[in-house]
Each structure stands twice: as C-alpha cells, then as structure tokens.
Amino acid sequence: MKNRIQNAFDDIRADDALLAATAASLREERARREGRRNRTRPLRLAGALAAMLVLVVGIFGYRGFYYTAAAYVSIDVNPSLELTLNRLDKVIASAAYNADGESVLQQVDITGRRYEEAATMLLAEMERQGYMAQDALVTMTVQTADSEAEQRLCNSLLQSAGAQIGVQQSTAEIEVFPVTQEVRETARGCHMSTAKYLAIQELLEVDETATLEEHSDSTIRQIRQQTQAHRQGQGHETEAGDSHASAAGQGNGYHGGQVREGSEEGDSRDPTAGQGSEHHGEQGQSQGQSQGQGQSQGHREGEGHGYRGGR
C-alpha cells in the first residue's frame, strides 16, 4: 500500500520555473511584511517617547508647583521658628532661629502638613518642653504676596493657636500680624524671626545702647517690657496693659476666648508702616469660639507702639 502511494506521487514534479516564481513570491511577501514592520516601529517608538515626555513633564511640573514657596509663617514663644508654605498651604520647609527652636523641631515632623496642624503640633511640643508659661506670649507673623491668603492665614492661625491654648488651659496671649517681604528678608539676614526683629527695632528707637545681638535670645515679651520701661523713663505716654502692637490696619484680636474684629488708621508719616492685622490672646471661654467686636491697637505717633516695617 505504501509503495503504491509513493509511486503515485513520483510522477508529480515542480519544474524550475514554478520553483523560481514561488521563491520570488515568498521574498516579495516577506519584504512587504518587513516594510510594514519597519514603518510602524518608528511610530510606536515616537508614541512611547511622547508618552514618557508627558509623564516626565507632569512629574517635574507638579514638583515645581508643590515645592514653590508661597508664604512664610514665623512663630515665637521663646523657641523661634519659621515655616515655608506652598500654594496648597502645606509645610515644605522649616527653620529654627535659636537653640530652643531647634529643640522643638527635632521632636515633631511637620513637613507635608497643613499650616494649622503644624502650628498646633509645635505649640503642643512647646508646652511639653515647658515654654508655654502662664504669661507666655505667642507671636506669629505671615508674609505672602497674596493679600487674600494673608488674611486667611492670619485668621486660621489665630483660631488654631487659640484652640490649642484653650486645650492647654493657659493664659498665654496670642498675636498674629502680616509683614512685608522686605522686612522678612532683613530679619532673616540678621538670623532672627520677623517678629523679634521688629520688637528689637522698636527698642532701638528708645534705647540707643541696645543692639540686635544683645537681645537675639530674649523673648519678645522681655524686649517689649524693656521698651515700655524706657518709654516711661523718658516720659512718653503708654497705654495700659502690654506695650505691644502691630502696624495699623484691619485686624482680628483674640481676647478672653473671643474673636474680636476692628480697624484703626496707621501713621502715614512712617513710610514703612502699612496695613496689617494683629491678634492678641488670653485664656477665657473654652476655646475662643464666640464672636464679638473690638478695636485692634495700631501705630500711633508719639506712643511708640507701631512696628517699623510691619504691614
């Protein structure tokens, strides 16, 4: 049977012309396929490169957006700190201006947190380390080019700090006010916070023997007490209570557990004074949530209460 099948196919033979035509046809088909493959390969590669480029640009674009500084918040009790915020109101950097500030920053991780949470954590750590005495003064400043953000940051910091002081059951006072970029950069060049720099500048106006270096480790309350003592010794008028005030302008105050709002015109003769807000705090009702009306202290010529360079 096998031999018969083999003998039947022995007579079937392809001539040379058929073999050559078949081989040529196969080569042409292969060339067409390779041509299509070669044409699509660059297109696929270009598409992949474009996708990678978009991804890389997106990543670096977001990093650039996220790590661009949009505002600066300084916090002084005796620990003296500064927080750098991005456009999302998150902390992207922090710095200490004295050893006490370094001690506080070493114990808390605030990077990537919103500024309200960061401020609350820092005040809680200051309380733990014993800096929040009953007569402590918490001074915060805000510097940003966005006026709307400036007011929002001041109000939010006032509320969050007031709530934390309420939790600590402390009679510590709170004040928050905005400052200019020029003043912040000058203070930074002196390696001190803006609020402390302004307080020392006020002291220098009444005490020619004082220096920035001499009072760099003093608290803002101590500096202001010396300023008030010099004013009283020189016969200048002073208001009852603390001698501290921010530059004039719109402001909110935290007094006795109440948020108080008020405004006062500043002294136009001082070219470095401008609009601003100030917030004072004393322990009162639970966490200072009730609303009320009040008057913020301002820059008054002759009384020496205004900070030069504050807004």
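Quick note: structure is the one above.
Residues numbered from 1 in each chain as written. Predicted model: local features only at pLDDT ≥ 70, side-chain atom pairs only at ≥ 80, totals over all residues. Heavy atoms only, no water.

Asks: What is the right way to read the side chain of K196 from this model?
Replies: Examined against the element boundaries, K196 turns out to sit in helix α7 (residues 194–206). Buried K196, no salt bridge; nearest opposite-charge side chain is D76, N-O distance 4.4 Å. Not counting the four nearest positions on each side in its chain, K196 is found in contact with D76, N78, N98, H215, S216, D217, S218, I220 and I223. (Helix = DSSP H or I, 4+ residues; strand = E, 2+ residues; numbered from the N terminus. Buried < 20%, exposed > 50% of the residue type's maximum accessible area, 1.4 Å probe, protein only. Lys, Arg positive; Asp, Glu negative; His and termini not counted. Salt bridge = Lys/Arg side-chain N within 4 Å of Asp/Glu carboxyl O. Contact = heavy atoms within 4.5 Å.)

Asks: Help me understand helix α6 (residues 181–189), please; the structure alone is not making it clear to me.
Replies: One turn of the α-helix equals 3.6 residues, which is why residues spaced by three or four share an orientation. Turning to α6, its buried residues are V183, R184 and A187. In a view along the axis of α6, the buried residues occupy a sector of 100°, so they form one face of it. Turned more than 90 degrees away from the buried face of α6 sit E182 and G189, all of them exposed. In the core, the buried residues of α6 are packed alongside β1 (71–76), β2 (80–85), β4 (137–144) and α7. Backbone geometry just downstream of α6 places H191 in the positive-phi region, at approximately 55°. (Arc of directions from axis to C-beta.)

Asks: Whenever I open this one, the pairing of β1 confuses me. Can you help?
Replies: Looking down a regular strand, the side chains alternate between one sheet face and the other. For β1, the buried fraction is high: five of the six residues fall into the buried class. Bridging between β1 and β2 involves six bridges; their strand directions are antiparallel. Bridging across to β2, A71 finds its partner in L85. Connecting the antiparallel pair β1 and β2 is a turn made up of three residues. One ladder, built from six bridges, connects β1 with β4; its direction is antiparallel. The residue of β4 that forms the bridge with I75 is M140. (Pairing = 2+ DSSP bridges.)

Asks: What should I look at first to understand unusual backbone geometry in this one?
Replies: A negative phi angle is the norm for most residues apart from glycine, just as the trans form is the norm for most peptide bonds. At D89, a position not held by glycine, the phi torsion is positive, near 65°. Tracing the sequence through the fold places D89 in the loop between β2 and β3 (91–96). For D89, a relative accessible area of 11% gives the class buried. Located in the positive-phi region is Q169, a residue other than glycine, with phi close to 55°. For Q169, the location among the structural elements is in the loop between α5 (147–168) and β5 (173–178).

Asks: It is not clear to me how the packing of α6 against α7 should be interpreted in this structure. Could you clarify?
Replies: Two numbers describe how α6 lies on α7: the axes approach to 9 Å, and their chain directions differ by 90°. The angle between α6 and α7 places the two elements in the roughly perpendicular class. Across the interface between the two elements, V183, R184, T186 and A187 from α6 touch T194, Y197 and L198 from α7. Tallied by class, the residues present in the contact of α6 with α7 amount to four nonpolar, two polar and one charged. (Axes fitted to C-alpha atoms, helices over the stretch in contact; angles between N-to-C directions. Parallel < 35°, antiparallel > 145°, perpendicular 65-115°, else oblique. Nonpolar A, V, L, I, M, F, W, Y, C, P; charged D, E, K, R; others polar.)

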